[in-house]
Amino acid sequence: MKTLKEINAYIKENKAGIDPRFRQRYHMMPPIGWMNDPNGLSVFNGKYHLFYQYNPFDVKPGVMLWGQFTSEDLIKYVDEDVAIVPDAKYDSIFSGGAIGTDDGLCAVFTLHHESDLVKKEEIFVAYSDDGVTFGEKTKAFDNEDLPEYISRADFRDPYPVKRKGEYFVFLGGKDKRSNSGVIVVLGGKDLSRLEYRFTIGPFYELGDMGECPSLCRVGDKDVFVVSGCNVKERGNDFKNVNSSVFIVGNVDFKKGEITVDLIKEIDKGDCFYAPQFVNGSERPLMIGWQEMWGKSYPTQNDRDGWVGAFTIPREISLREGDVFQAPVRELDKYCSPYVGDGVPRCARLKLRLTGDGKVAFKGKDGEFSVGSASGKIYLDTTLSNNMNGCVRKTDGRYTDCEVLVLIDVSGVEIFVDGGRETVSSRIYIDGGLSLETVGKAEISAVERVDV
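Since this is a predicted model, take the numbers as computed values, not measurements. (Residues numbered from 1 in each chain as written. Predicted model: local features only at pLDDT ≥ 70, side-chain atom pairs only at ≥ 80, totals over all residues. Heavy atoms only, no water.)

Enquirer: Give me the lowdown on the overall build of the protein, citing residues and values where you can.
Expert: Secondary structure summary: the protein contains one helix and 30 strands in total. Its C-alpha radius of gyration of 21 Å places the protein within 12% of the 22 Å reference for a compact globule of 451 residues. If one aligns the C-alpha atoms of the protein with their principal axes, the spans along those axes are about 60 × 50 × 45 Å. Considering the protein as a whole, with its 451 residues, one finds that 62% of them fall into the buried category. Across the protein, every contact between residues at least 6 apart in sequence was considered, and the portion connecting residues at least 24 apart equals 58%. Accessible surface, the protein as shown: approximately 17,600 Å² in total, 45% of it carbon and sulfur. Put simply, the protein has 57 plus and 70 minus side-chain charges, and the middle of one group is 2 Å from the middle of the other. (Helix = DSSP H or I, 4+ residues; strand = E, 2+ residues; numbered from the N terminus. Rg over C-alpha atoms; globule rule 2.2 N^0.38 Å. Buried < 20%, exposed > 50% of the residue type's maximum accessible area, 1.4 Å probe, protein only. Contact = heavy atoms within 4.5 Å. Areas by Shrake-Rupley, 256 points an atom, 1.4 Å probe, with all protein chains shown as cover. Lys, Arg positive; Asp, Glu negative; His and termini not counted. Charge placed at Lys NZ, Arg CZ, Asp CG, Glu CD.)

Enquirer: Please give an account of the pattern of salt bridges that cites residues and values.
Expert: Evaluated as defined, the whole model comprises 40 salt bridges. Arg-303 is the partner of Asp-19 in a salt bridge, and the nearest nitrogen-oxygen pair spans 2.8 Å. Within this pair, whereas Asp-19 is found in the loop between helix 1 (4-14) and strand 1 (33-44), its partner Arg-303 is found in the loop between strand 18 (285-289) and strand 19 (306-307), the two being separated by 284 residues in sequence. Measuring nitrogen to oxygen at the nearest pair gives 2.7 Å for the salt bridge that ties Glu-315 to Arg-329. (Salt bridge = Lys/Arg side-chain N within 4 Å of Asp/Glu carboxyl O.)

Enquirer: How would you explain the sheet that holds strand 8 (residues 138-139) if you had to name every residue and give the values?
Expert: Taken in spatial order, the four strands of this open sheet run 5-6-7-8, and their pairing is antiparallel. Looking at the sheet topology across the chains shown, the edges are occupied by strand 5 (92-101) and strand 8. In this structure, strand 5 lies alongside strand 6 (residues 104-114), joined through nine bridges in antiparallel fashion. By the bridge assignment, Gly-97 is partnered in strand 6 with Val-108. (Pairing = 2+ DSSP bridges.)

Enquirer: Account for the sheet that holds strand 15 (residues 242-252), naming residues and giving values.
Expert: Spatial ordering of the open sheet is given by 13-14-15-16, a layout of four strands whose pairing is antiparallel. The open sheet is flanked by strand 13 (210-218) and strand 16 (257-265), the only strands paired with a single partner. Within this sheet the neighbouring strands show an average axis-to-axis angle of 25°, counted without direction. Looking at chain direction, strand 15 and strand 16 are connected through eight bridges and run antiparallel. (Axes fitted to C-alpha atoms, helices over the stretch in contact; angles between N-to-C directions.)

Enquirer: Outline the packing of aromatic side chains, listing residues and values.
Expert: Tallying each qualifying case throughout the model produces 22 aromatic pairs. Ring centres of Phe-51 and Trp-66 lie 5.4 Å apart, and the angle between their planes is 35°; on these two criteria the pair is classed as tilted. One end of the pair, Phe-51, is in strand 2 (residues 47-55); the other, Trp-66, is in strand 3 (residues 65-71), and 15 residues separate them in sequence. Just as Phe-51 is buried, Trp-66 falls in that class too. Between Tyr-52 and Phe-69 the ring centres are 4.7 Å apart and the planes differ by 25°, which places this aromatic pair in the stacked class. Of this pair, Tyr-52 sits in strand 2 while Phe-69 sits in strand 3, and the two are 17 residues apart along the sequence. Of the two residues, Tyr-52 and Phe-69, neither departs from the other in class, the shared state being buried. Three or more aromatic residues joined by ring pairs make a cluster, and in this case those are Tyr-52, Tyr-54, Phe-69, Tyr-77 and Phe-310. The positively charged end of Arg-177 is found above the aromatic ring belonging to Tyr-149, 3.7 Å away from the centroid. (Phe/Tyr/Trp six-rings, centres within 6.5 Å; stacked < 30°, edge-to-face > 60°. Lys NZ or Arg CZ within 6 Å of the ring centre and 35° of its normal.)

Enquirer: An account of the nonpolar core is requested, with residue identities and associated values reported.
Expert: One broad rule of soluble globular proteins: the nonpolar side chains tend to lie buried together. If you look at the biggest cluster of nonpolar residues, it comprises 38 residues, and the most contacted ones within it are Tyr-26, Leu-50 and Phe-310. Those elements that place two or more of their residues in this core are helix 1, strand 1, strand 2, strand 3, strand 18 and strand 27 (401-408). The element contributing the most residues to this core is strand 2, with four residues. If sequence neighbours within four positions are ignored, Phe-310 has contacts with His-27, Met-28, Met-35, Pro-38, Leu-41, Leu-50, Phe-51, Tyr-52, Phe-69, Ile-287, Gly-288 and Gln-290. (Core = buried A, V, L, I, M, F, W, Y, C linked by side-chain atoms within 4.5 Å.)

Enquirer: An account of the pairing of strand 5 is needed here, citing residue identities and associated values.
Expert: Of all ten residues that make up strand 5, nine are buried, and the element is covered over most of its length. What sits between strand 5 and strand 6 in their antiparallel hairpin is a turn of two residues.

Enquirer: Help me get a handle on the environment of Ser-424, residues and values and all.
Expert: Relative to the helices and strands, Ser-424 resides in strand 29 (residues 421-426). Owing to a relative accessible area of 0%, Ser-424 belongs among the buried residues under this scheme. In this structure the C-alpha to C-alpha distance between Ser-424 and Ile-150, which are 274 residues apart in sequence, comes to 33 Å. Sequence-distant contacts of Ser-424, that is, excluding residues within four places in its chain, are made with Asp-267, Gly-269, Asp-270, Cys-271, Arg-314, Leu-379, Val-412 and Glu-413. One polar contact links Ser-424 to Arg-314, side chain to side chain, over a distance of 2.9 Å. (Polar contact = N/O pair within 3.5 Å; in protein donor to acceptor, adjacent residues only side chain to side chain.)

Enquirer: Quick rundown of the side chain of Lys-264? Include the residues and the values.
Expert: Tracing the backbone through its elements, the reader meets Lys-264 in strand 16. At a separation of 2.9 Å, a polar atom in the side chain of Lys-264 contacts the main-chain carbonyl oxygen of Val-323. Dropping the residues within four chain positions of it, Lys-264 is found in contact with Ser-244, Val-245, Phe-246, Asp-322, Val-323 and Arg-420.

Enquirer: Lay out the side chain of Glu-205 with the relevant residues and their values.
Expert: Considering the arrangement of structural elements, one finds Glu-205 in the loop between strand 12 (193-200) and strand 13. Relative accessible area serves as the criterion here: at 12%, Glu-205 is assigned to the buried category. Apart from the residues lying within four places of it in its own chain, the contact partners of Glu-205 are Gly-228, Val-231, Arg-234, Phe-238, Val-245 and Ile-263.

Enquirer: Outline unusual backbone geometry, listing residues and values.
Expert: Across residues other than glycine, the phi torsion is negative in most instances, and most of the peptide bonds are trans. Residue Pro-202 is bonded to the preceding Gly-201 through a cis peptide linkage, with omega at 10°. Positioned with a positive phi, Asn-179 is a non-glycine residue whose angle comes to about 55°. Of note, Asn-179 is situated in the loop between strand 10 (166-175) and strand 11 (180-190). Judged by relative accessible area, Asn-179 falls into the partly exposed class, the value being 44%. The backbone phi angle of Asn-230 is positive, close to 55°, even though this residue is not glycine. Position of Asn-230 relative to the elements: it lies in the loop between strand 14 (221-229) and strand 15. Take Asn-230: its relative accessible area is 44%, and that puts it in the partly exposed class.

All quantities given are derived from atomic positions and should not be read as evidence of function.
Set out below in structure tokens:
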């Protein structure tokens, strides 16, 4: 393993060699190499600290590190140095969370080791005075203290919260009795000395392994965002290899149980996974990985030299017995009316769909479309050079619906009916985009996004 100094020197020396053709401008991306899950999303000393799974040396996963961004407003961001690397006994640092404490910003993470005979995932913490540079790693939990039926080898992605003076840490896990995904809850007065408390689940929606759980209080409800591996397709749900869901209810930490009001897939697209809440934010904010496992990545070649991005940060609200998502409000100050042909490569649009019809976004070598068919709103990226692309549609049927469309060079996210449903995908189209409306579809606003 290279030292932090050597790793950061490599990034600085090589990042200018990547191809910028599909680089997004108001979504966060790695400066070079491979990115996946958001990690340690937190507010500390008045600034957003945003970490991520990172391999700067290749365009595929390898020895994973924690890369990091900082931001004042979740739109403009700074590439900081790599924050945390694994020790010699471990192959990678996997996902986790972070929380501000009296001792600084505490990162809680997974150290992973795997060989032909051994696989282990163990929970460690490290502290930072400035939120950027971290000190010594300390093991926070002994996996042998887990119940026998909880896997000790698949046990990862800790996310800390503080309730009534006590820390609780949520982890993705596996119930070996049923080969089912669960959320494991640890607790303690000190994050460096955690104890097993209880297990939430299993749930169908967590497949055979829970991943990346995080918790936020939204109004009078506890809301988890959590991902599941190999969730079996069910109707219009779970069409990817892995999926992510909201679990809405209330956790009783004394009794070690949860009452569940709603479980709902977060995003219907083929490029959304491993979302996490921003810890310490005054608003419920969530960011996901704008990609998905089990698919091809068009920038995974020597010419482009990078893979992965964050979704737009999303504000979460509860109303009408449902979960709604909206692009973070800070985006507004970067948007201005666009007058001209077609649509900018970085844009925010409002569409109205009142029946069967679509808006097609056409480039010289590809296209994608947003439309309505029999009341279902859909995003079609099959002709966008996103390898196989997808056609993904909403659960609900809408007779008169407004759709917010965010385009950022190689990414598209749509928010349907005020954010009741969302669909995210990637697009790889050279040149500008022209617009074509078909049937009962109209464009009510086109804005340029300048960052």
